[in-house]
Amino acid sequence: MDSSLQWISGLASLEYLNLEFTNLYQTLDWLESVTKLPVLRTLHLSFYTFPNNPQSLLNLNSSKSLEYLYIEARTLTSSLLNLWLNQSYRMKELKLSGSQLYGMVPDVVTKMYSLEYLDLSYNLLQGEKTEDLKFLRYLGNMKALHLSKNLFSFNFSELVLGSEETIQVLNFRSNKIVGSLHDIKKFSSLRALDMTENQLSGPLPNMSTMLSLESLFIGYNQLVGNLTGSNIGHLSNLIELDASSNFLREAINETHFSNFSKLKVLLLSGNDIKLNLSTKWVPPFQLGHLGLRSCKLGPKFPSWIRTQTLYLEILDISDNGISCSIPHWLSNLTSLRHLTICQNFLRDEFKESNYLDLSDNLFSGNIPECLGKHAGKYLGVLNLANNNFSGEIPSSLGYLSQISSLHLRNTGLFGKLPISLKNCTSLRILDLGENQLSGDIPVWIGESLTQLKVLYLHSNELKGSIPTSICQLQSMRVLDLSSNNLYGPIPTCFSNYSSAMTQMLDEWFLDEAHFEGTSLFGVLNTLHYFIFDFELVMWKGKEAEYRKNLKFLKAIDLSNNRLVGEIPVNLTDLHGLISLNLSNNNLNGSIPYKIGEMNSLEILDLSHNQLFGAIPVSMANLSFLAVLDLSNNNLSGCIPPGTQLQGFTEAYQGNPELRGLPLQTKCRSSKQGNDDIDEEEHWILLDFDFFLSMTLGFIIGFWGVCGTLILKRSWRLAFFQFLEDKKDDIYLFIVSHGTKLRRSMGAMLKK
């Protein structure tokens, strides 16, 4: 910022100037330059703007055109304001909120006859009598008065305004104002009244004449009587109504809400109110905020709430004596970000309605402890995924002893897994991925949750080694521990999953529905909402949603950790495994030679490790492979032939010693060419059996022929005569084939 602001005084036509959050401490004569603007009508300042000596603000008085002044400063005092505003008679709007003003309201405000908007909120102003606010009697043009967050304690019924018939906004929130609202009806043009958090008492007056009222906030006072007795039902323009936390006592039915077609906020919590609303009632409004705590809604869940699908973000129906199940339609309230249903008796009917899906919303704060306690043993599926919760996983979820599917993916949770979850022994699906969970993978997961089929712990901050107890989950279908800080070797006992992985069809969704004792209609109804649970799975490089086909999926993902050691040969016993991802670890050794027996594999990713040696020939048998990545290892030798492995053009990058199609470095070919066919393909694999057979054949052949020649003279003469005749042919044969034999023997020895 330039050290001078004199240039601004040349803007002779400037009417609006905003200097909020602009540091002018080092700027010279900035205020003098501002006051020279001849037609300046609106000025915004803040505590960042003010110099160390606020006395300089007195220069502002020379600005005769200023009508709208907004200041949030922490260095102003009432005495300074008296001097400063003494000549500002043309002021229409004045905002001095957050300025640490204390004592009485500056007397000079009395002379600001043109003032229409006055905001002195968030200060330390006080006044015990209405005489302390007598300046208000002279402000006949006042339309909005904001005195919230101060220390006023006057009697509201004695308040006198010079603009009683034209005032539109009165905001006295969070003071100590006493008295009643008996004379509120004299403010006939009032559009917004906020008296929240004061000490008002007595009954509500007749408000039927206040037809302009749009916002009425009278919560957290000591009002008595009933709400409908004030004829509040006549206020057809009402948008916001907050009468919570008073001593109101009555029964309300749907006729009292018939004129509230514009209502967006309804807060009646903390009163002795009973809502007698028909289950078939369709409200004339669409709410964004509904608070009915302790309003005696039960015993049934208020079904009319299901109509509030457009804007409802905050819903509090706690402590209402509701004793039925949480309905399925609650998940249709897609705008919900805060739901409180605690301190009810949500049970019994969970046997027929055991699915609670509140995923993909904007819920924040901690997951309520009461959710597990009150849902009890009847909740079968709980899905809170993709919300903005915080804190740890509540230990009360351990009360969900019959839950079979728990989804807490991407909910902002941190801390360790609570040991209470070991009580959820019916769990088939546990998804805690994409959080900030820490600590080791608990041993009790394998010891207690023995029915688990799907376990997602990926993208957390888990550490330590993979516990061998996890191999006790012999029904495991999908195991994802990727993107953590796990170290150590891969357990050799994953072969325990072979039976579950091999099973082609497992109707495990039907098992977890808990249909005992329900009618056929109840079973069908539950199936509609429940049987097709879902999971999001990284599939072929993209996140895919599995619903009906989840029961066919078999996958293990240990990628993006710090695992070491060799890939266990026993892992190849999982013949039914469809996806295996071990990438981005520190694994070494060779690829298991029996990997070709995993003939159901569609995805295999072993990239970014330290694997070495040849690619097993058996891998050519993986005829269902759709994704293969062996890149960035130390593999060598020729890629086994076969159209399947030659179809992955980028799968072998970062292995400089690999040869053969589809790489540019070809395996050596025979002299006859034949389109780069590897010479080794024409030769028998030289292994132990070959050497044994060759040795025995040599012994038998040698002594069978040589022994005969030694013993029988006539055969010996005939044999040497034959050699004499064929010596030239034998010489050519040895020369042409000897080199080829030595080359094959050398390749075998390297392997």
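Residues numbered from 1 in each chain as written. Predicted model: local features only at pLDDT ≥ 70, side-chain atom pairs only at ≥ 80, totals over all residues. Heavy atoms only, no water.

Chemist: What is the right way to look at the overall build of the protein in this model?
Modeler: Along the protein, the regular secondary structure elements total nine helices and 44 strands. Of all 751 residues assigned to the protein, the portion counted as buried reaches 49%. For the protein, the computed accessible surface area is about 35600 Å², with 53% contributed by carbon and sulfur atoms. (Helix = DSSP H or I, 4+ residues; strand = E, 2+ residues; numbered from the N terminus. Buried < 20%, exposed > 50% of the residue type's maximum accessible area, 1.4 Å probe, protein only. Areas by Shrake-Rupley, 256 points an atom, 1.4 Å probe, with all protein chains shown as cover.)

Chemist: Please explain the state of the cysteines as it appears in this structure.
Modeler: Each disulfide consists of one covalent bond between the sulfur atoms belonging to two cysteines. Throughout the structure, instances matching the rule amount to two disulfides. What pairs with C471 in a disulfide is C493, and their sulfur atoms sit 1.9 Å apart. An S-S torsion of about 65 degrees defines the bridge between C471 and C493 as right-handed. Linking C471 in the loop between β31 (461-464) and β32 (478-480) with C493 in the loop between β33 (485-489) and α5 (498-502), this pair joins segments that are 22 residues apart in sequence. (Disulfide = S-S within 2.5 Å.)

Chemist: Before we go on, may I ask you to explain the sheet that holds strand β16 (residues 247-253) in this structure?
Modeler: Backbone-to-backbone hydrogen bonds pair the strands of a sheet. The strands run either parallel or antiparallel. Strand order in the open sheet made by the four strands is β12-β14-β16-β18, with parallel pairing throughout. Of all the strands in the sheet, just β12 (201-203) and β18 (272-276) have a single pairing partner and so form its edges. Geometrically, the sheet is characterised by an average inter-axis angle of 25 degrees between neighbouring strands, direction not taken into account. Judged from the three bridges that link them, β12 and strand β14 (residues 222-225) form a sheet pairing that is parallel. Paired with P203 across the bridge in β14 is V224. (Pairing = 2+ DSSP bridges. Axes fitted to C-alpha atoms, helices over the stretch in contact; angles between N-to-C directions.)

Chemist: Would you explain empty space enclosed by the protein in this entry?
Modeler: Any empty space left between atoms is shown by rolling a water-sized probe over those atoms. Inspection of the entire model under this criterion finds three cavities of 30 Å³ or more. Within this model, the second largest cavity holds a volume of roughly 40 Å³. The wall of the second largest cavity is formed by I567, L571, T572, L580, P592, I595, M598 and L606. Its residues assigned to classes, the lining of the second largest cavity comprises seven nonpolar, one polar and no charged. (1 Å grid on protein atoms, 1.4 Å probe; cavity = no way out; pocket = protein on both sides within 12 Å on 5 of 7 lines; lining within 4 Å. Points joined across faces, edges and corners; volume = space filled by probe spheres on them. Nonpolar A, V, L, I, M, F, W, Y, C, P; charged D, E, K, R; others polar.)

Chemist: Quick question: what am I supposed to make of the packing of aromatic side chains here?
Modeler: Aromatic ring pairs: the centre-centre distance and the angle between the two ring planes describe each pair. Applying the stated rule across the entire model yields 10 aromatic pairs. A centroid spacing of 6.2 Å and a plane angle of 75 degrees characterise the contact between F156 and F172, whose relative ring orientation is edge-to-face. Here the residue F156 occupies a position in the loop between β9 (151-152) and β10 (169-171), and F172 occupies one in the loop between β10 and β11 (192-194), the gap between them amounting to 16 residues. Members of the aromatic cluster, joined through ring pairs, are F257, F260, W281, F285 and W304. Its guanidinium or amino end placed over the ring of F217, R173 lies 5.9 Å from that ring's centre, counting from NZ or CZ. (Phe/Tyr/Trp six-rings, centres within 6.5 Å; stacked < 30°, edge-to-face > 60°. Lys NZ or Arg CZ within 6 Å of the ring centre and 35° of its normal.)

Chemist: Explanation requested: the sheet that holds strand β27 (residues 414-415) in the structure shown.
Modeler: Reading across from one edge, β27-β29-β31-β33-β37-β39 is the order of the six strands in this open sheet, with parallel pairing throughout. With partners counted over all chains shown, the strands left at the sheet margins are β27 and β39 (586-588), one partner each. The sheet contact formed by β27 and strand β29 (residues 436-440) spans two bridges and is parallel. Following the sheet pairing, G415 is matched in β29 by L437.

Chemist: Got a minute to help me understand the pattern of salt bridges in this structure?
Modeler: It is possible for side chains bearing opposite charge to pair when their charged atoms get close. Enumeration according to the criterion identifies nine salt bridges in this entry. The partner of D272 in a salt bridge is K296, with the nearest N and O atoms 2.6 Å apart. Of the two residues, D272 is situated in strand β18 and K296 in the loop between β19 (289-291) and β20 (314-316); the sequence distance between them amounts to 24 residues. Given the relative accessible area of 38%, K296 is considered partly exposed. A salt bridge links R409 to D431, with the shortest nitrogen-to-oxygen separation between them at 2.9 Å. Here D431 lies in strand β28 (residues 429-431) and R409 lies in the loop between β26 (405-407) and β27, a separation of 22 residues in the sequence. Members of the salt-bridge network, linked through shared partners, are R249, D272 and K296. (Salt bridge = Lys/Arg side-chain N within 4 Å of Asp/Glu carboxyl O.)

Chemist: Help me understand the pairing of β18, please; the structure alone is not making it clear to me.
Modeler: Both faces of the sheet carry side chains from a regular strand, because those side chains alternate between them. Side-chain alternation along β18 places I273 and L275 on a buried face and D272, K274 and N276 on a face that remains uncovered. Here β16 pairs with β18 via five bridges, running parallel. Paired with I252 across the two strands is L275, which belongs to β18.

None of this, on its own, says anything about what the molecule does.
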